[in-house]
Amino acid sequence: MTFSKSTLSAALALALCGATPGISQAGTASNFFDSLAPFRPGANARMFERIATLPVYRNTDASQTSVAEIIDATKDGRTLIYTDSPGKRIGFIDIANPFDPKVDGVLPMGGEPTSVAIAPRYALVGVNTSASFTSPSGKLAVVDLNTRAIVAELDMQGQPDSVALSPDGRYAAVAVENERDEDVNDGDLPQEPSGHLMIVDIKGLPGTWQTRKVDLTGLAGIAADDAEPEYVDINRRNIAAVTLQENNHLVFVNLRDGSILNHYSMGTVDLDQIDTVEDDVIRLTGSLAGVRREADAITWIDDMHVATANEGDWKGGSRGWSVFNMMSGLVHDAGNSYEHIAVRHGHYPENRSENKGSEPEGIDFGQYGMDGFLFVGSERGNFVAVYKTARNAEPKFLQLLPTTASPEGLKALPQRNLFIVSTELDDADLGLRASVNIYRLKLGAASYPTIVSGNDPAGNPIPWSALSALVGDKDNAKLLYGAHDSYYKEPKLYTIDVSSKPARITSTMPLTNCNTCDYDIEGLAQRADGGFWLASEGNNSRKNLLIRATAAGVVQQEIPLPPSLDAQKTTNGFEGVAVVGSGDGERVYVAFQREWKDDPQGHVKLGRYTPSTGDWAFYRYPLDPVASPAGGWVGLSELTYLGNDRFAVIERDNQRGDNAALKKLYTFSVAGITPAAHGGTLPELVKQPALDLLPVLQQPKGWVQDKPEGLTLSAGGRVYMVTDNDGVDESTGETQFRDLGSRRRVFGF
């Protein structure tokens, strides 16, 4: 590892940072942690809580694609400014009341804004105006915060990607990437022109500011002639830390004179017990060797140490984050722990297993009084992992914060006890909108997560996600069972301990002895003998099946619908199951999600199967009309037996976020009502409203989930609900597992 191009520069760095010559080249964790604020007893009682989520399309209109990529705040922390690259604009948000943020207008930039940093009077916006990859161009637009007008534009001599402002306001640093074309030579480097660092001397009026270009070529061991700086941050000593992501290199620049103080490779990581195969199953059995870190974002933790989010972009991505000493190199690496956090919380994106996994991209550090917090954002897992820093110890994982889809910008606001996340995935057709997420540091436990997993026998977190069904154990009030749907192969049941908060998945039980095991489990009920009935939803190729299994998960029977009814199916079939009685008196009820071809509009079937005779009979259930302003459909999501011939269903639309309008619990009774065989006149059930779930789903202050899919009544009389997070695919990945209260409170009896 080299110190720098110049011995003088190295000595200057040591002097600036108050370090002692001769520091260990290897570096140690204690070197780093001794420099942090001491651990304060009881500090773990302070946690971050989400208090607001604001979709940024409200700053324009719902029909426009509007993203929030990079975000910064004014010095007083009352105004946020975010970059909207597709819209070629920046947006303003008023957070004078952070519990009720307000959109506050947009400003066109004349190009694609890539980053923003806010000085006391001005916002500095990097703007990409490139005509092509081979002819990159861009500017630093200076926006007057009072008039909201562009008052100066500084040529960056290439495509700017990241802007940072020094804490004393004397300098700005711009990472001018001149990014490669991934369609040329398989994206391999070099692809000139090389990038560089641009220093802006902030003195006088913006029109008089001067720029200085720092050449970054000749440093990296990978494509040395094609430096691609990705991200920059500046410490209190006016030293800029720059990631050369594709070059897998870190560079430290003295902004006073533009000299390079030090640079070195980010190195590689060996990873074990991770998922490396995209096979629709989360298996923590894979390994990767010699993975380049290729960091994206970087943040100073103190004047000597930086932390990096090791996203990867070319041939790397170590699925974690690292801490480096400016002079001596690596002092800490997260290894596989970041991936395991995603798995334990149900946020692991299995469809990225062969690429970069959870893909940590954003990172920031904030000193909140005596407590230091490091924030690491997962672009694909839709979360931010928060770490508590303490003296003489490795960073301690504190909590996981759920976000909307694709978190990109992270901003700590210690002056207001706030933390901000901006997200960039915006797809109105999917019901996912780019948003600004606001969290507040407070005393007391956090409300998320609502469910996590324990360890498997190997000591790894139990993989789980896409929970689609729930049932309470018939004898144990603290034990539930759950299942995932067809997003994952290898159907299995989960045991869930609800005696603690959050609820905990303690074990899994694979289903065995099935014909193909091609199940889409949407309903789960426990039989009197401890075995299970499962409802598997069909589609164009998969049959709707009622499945009988033992308490050990051994499939004993797969029961299809009568052929005449199966011919009427659509893509939405079985969605819930309940069982009543035992022996010859056992009856199994199934809920159909939506209308089939032979159903009147706005009505769905409920089926009753008698195991002793093999007979099917049916009822009709009336659905509420579509209530969402965005349209969509309404259907059933669950069926739960309450006793005395009474049942509960979840009735919901398929909308989320601002468009979610119908999420309700209804009850009905089958007492005295005789179902009819298919083809006959089906009796219509009379439903009664029980509980509006929309306020329950809005209470966490996030993006309202569209799929409350699991509902059960425990042996102790508690009502539990869980949302299906779709395996973090085209969704936020958030799971809400909620104790709704007692049976009397929810259902009135």
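Residues numbered from 1 in each chain as written. Predicted model: local features only at pLDDT ≥ 70, side-chain atom pairs only at ≥ 80, totals over all residues. Heavy atoms only, no water.

Draft legend 1. Geometry of the overall build of the protein. On a plain count of helices and strands, the protein comes out with 6 helices and 50 strands. Against the 2.2 N^0.38 benchmark of 27 Å for 749 residues, the protein shows a C-alpha radius of gyration of 28 Å, consistent with a compact globule. When the backbone C-alpha atoms are referred to their principal axes, the protein occupies close to 90 × 55 × 50 Å. Counting over 749 residues, the protein shows a buried share of 62%. Restricting to contacts in the protein with at least 6 residues of sequence separation, those with at least 24 account for 55%. Accessible area of the protein: about 26600 Å², with a carbon and sulfur share of 46%. In the protein, 68 positive and 96 negative side-chain charges are present, and the distance between their average locations comes to 8 Å. (Helix = DSSP H or I, 4+ residues; strand = E, 2+ residues; numbered from the N terminus. Rg over C-alpha atoms; globule rule 2.2 N^0.38 Å. Buried < 20%, exposed > 50% of the residue type's maximum accessible area, 1.4 Å probe, protein only. Contact = heavy atoms within 4.5 Å. Areas by Shrake-Rupley, 256 points an atom, 1.4 Å probe, with all protein chains shown as cover. Lys, Arg positive; Asp, Glu negative; His and termini not counted. Charge placed at Lys NZ, Arg CZ, Asp CG, Glu CD.)

Draft legend 2. Structural detail: the pairing of strand β6 (residues 112–118). Burial analysis of β6 places 6 of its 7 residues in the buried class, which makes it a mostly covered element. Where β6 meets strand β7 (residues 122–128), 6 bridges bridge the pair, whose relative direction is antiparallel. Bridge assignment links Glu112 to a residue of β7, and that residue is Asn128. (Pairing = 2+ DSSP bridges.)

Draft legend 3. How the structure looks around the pairing of strand β23 (residues 329–333). As judged from the 4 bridges shared by strand β22 (residues 320–325) and β23, these two strands associate in the antiparallel manner. Within the sheet, the bridge partner assigned to Ser322 lies in β23 and is Asp333. The hairpin formed by β22 and β23 contains 3 residues between the paired strands.

Draft legend 4. Highlighting the state of the cysteines. Applying the stated criterion to the full structure yields 1 disulfide. Bridging Cys514 to Cys517, the disulfide has an S-S length of 1.7 Å. On the sign convention where negative means left-handed, the S-S torsion of about 55° between Cys514 and Cys517 marks this disulfide as right-handed. Overall, Cys514 belongs to the buried group, its relative accessible area being 12%. (Disulfide = S-S within 2.5 Å.)

Draft legend 5. Broad picture of the pattern of salt bridges. All told, the structure shown has 38 salt bridges when counted by the stated rule. Glu339 is the salt-bridge partner of Arg319, the closest N and O atoms lying 3.0 Å from each other. In this pair, Arg319 sits in the loop between β21 (305–310) and β22 while Glu339 sits in helix α3 (residues 337–344), placing the two residues 20 residues apart along the sequence. Taking the relative accessible area as the measure of exposure, Arg319 reaches 2% and is therefore buried. Using a relative accessible area of 2% as the deciding quantity, one classes Glu339 as buried. Across the pair Asp529 and Arg527 runs a salt bridge whose closest N-O atoms are separated by 3.5 Å. By relative accessible area, Asp529 is classed as exposed at 57%. (Salt bridge = Lys/Arg side-chain N within 4 Å of Asp/Glu carboxyl O.)

Draft legend 6. Spotlight on unusual backbone geometry. Cis geometry is found at the peptide bond from Leu189 to Pro190, where omega equals 5°. Tracing the sequence through the fold places Pro190 in the loop between β11 (171–176) and β12 (196–201). In this model, Tyr448 is joined to Pro449 through a cis peptide bond whose omega is 10°. You will see that Cys517, though not glycine, has its phi angle at about 60°, which is positive. Relative to the helices and strands, Cys517 resides in the loop between β35 (503–510) and β36 (521–526). On the basis of relative accessibility, which here comes to 27%, the residue Cys517 falls in the partly exposed class. The residue Asp726 is not glycine, and still its phi comes out positive at about 60°. Along the polypeptide, Asp726 turns up in the loop between β49 (718–723) and β50 (737–742). For Asp726, a relative accessible area of 15% puts it in the buried group.

Draft legend 7. Inspection of the side chain of Thr423 at higher detail. With respect to the secondary-structure elements, Thr423 resides in strand β29 (residues 418–423). Its relative accessible area of 0% is what places Thr423 among the buried residues. In this view, Thr423 contacts Val67, Ala68, Thr403, Thr404, Ala405, Ser406, Pro407, Glu408, Arg433, Ala434, Ser435 and Asn437; residues no more than four positions away in its chain are not counted.

Draft legend 8. Spotlight on the nonpolar core. Membership of the largest hydrophobic core comes to 26 residues, with the highest contact counts inside it found for Trp321, Tyr338, Ile363, Leu374, Val376 and Tyr387. Counting only elements with at least two residues in this core, the list comes to β21, β22, α3, β24 (360–368), β25 (371–378) and β26 (383–389). In terms of residue count, the dominant contributor to this core is α3 (4 residues). Leaving out residues up to four positions away in the same chain, Tyr338 has contacts with Arg319, Gly320, Trp321, Ser358, Pro360, Val376, Gly377, Ser378, Phe383, Ala385 and Tyr387. (Core = buried A, V, L, I, M, F, W, Y, C linked by side-chain atoms within 4.5 Å.)

Draft legend 9. Region of interest: α3. Of all 8 residues making up α3, 6 are buried, and the element is well covered by its neighbours. Buried within α3 we find Tyr338, Glu339, His340, Ile341, Ala342 and Val343.

Draft legend 10. Inspection of the sheet that holds strand β47 (residues 687–692) at higher detail. Taken together, 4 strands build an open sheet; the order of strands is β44-β45-β46-β47 and the sheet is antiparallel. Because the sheet does not close on itself, it has two edges, and the strands there are β44 (634–643) and β47. Each neighbouring strand pair of the sheet contributes to a mean axis angle of 30°, computed without reference to strand direction. (Axes fitted to C-alpha atoms, helices over the stretch in contact; angles between N-to-C directions.)

Draft legend 11. View of the sheet that holds strand β20 (residues 298–300). If you trace the 4 strands from one edge of the open sheet to the other, you get β20-β21-β22-β23, paired in antiparallel fashion. Each of the sheet's edge strands pairs with one partner strand only, and the pair in question is β20 and β23. Across the sheet, the mean angle from the axis of one strand to that of its neighbour is 25°, orientation sign disregarded.

Draft legend 12. Seen up close, the environment of Leu665. The residue Leu665 is located in strand β46 (residues 663–669) in this model. Spatially, the C-alpha atom of Leu665 lies 5.3 Å from that of Ala690, the residues being 25 residues apart in sequence. Setting aside its immediate chain neighbours within four residues, Leu665 contacts Val649, Ile650, Gln688, Pro689, Ala690, Leu691, Leu693, Leu711, Leu740, Val746 and Phe747.

Draft legend 13. Representation of the confidence of the model for the protein within the structure. Overall, the prediction assigns the protein a mean pLDDT of 93, with 94% of residues at 70 or greater. Here residues 1–43 is modelled with pLDDT under 50, and outside its nearest four sequence neighbours on either side it reaches 92 contacts, counting other chains as well. (pLDDT = per-residue confidence, 0-100.)

Draft legend 14. Fine view of the side chain of Gln159. Mapped onto the elements, Gln159 comes out in the loop between β9 (149–155) and β10 (160–165). Looking at Gln159, the relative accessible area reads 5%, which means it is buried. What Gln159 contacts, discounting residues up to four positions off in sequence, is Asn128, Ser130, Pro136, Ser137, Ala175, Val176, Glu177, Asn178 and Glu179.

Draft legend 15. How the structure looks around the packing of aromatic side chains. This structure, assessed with the given rule, holds 29 aromatic pairs. Between the aromatic rings of Tyr368 and Phe373, the centroid separation amounts to 5.6 Å while the plane-to-plane angle is 75°, which identifies the pairing as edge-to-face. For the pair formed by Tyr368 and Phe373, the shared burial category is buried. Each member of the aromatic cluster is reached from another via a ring pair, and the members are Trp533, Phe574, Phe592, Trp596, Tyr609, Trp616 and Phe618. One cation-aromatic arrangement involves Arg292 over Trp314; the distance from NZ or CZ to the ring centre is 5.5 Å. Directly above the aromatic system of Tyr666 lies the positively charged group of Lys687, at a separation of 4.3 Å from the ring centroid. (Phe/Tyr/Trp six-rings, centres within 6.5 Å; stacked < 30°, edge-to-face > 60°. Lys NZ or Arg CZ within 6 Å of the ring centre and 35° of its normal.)

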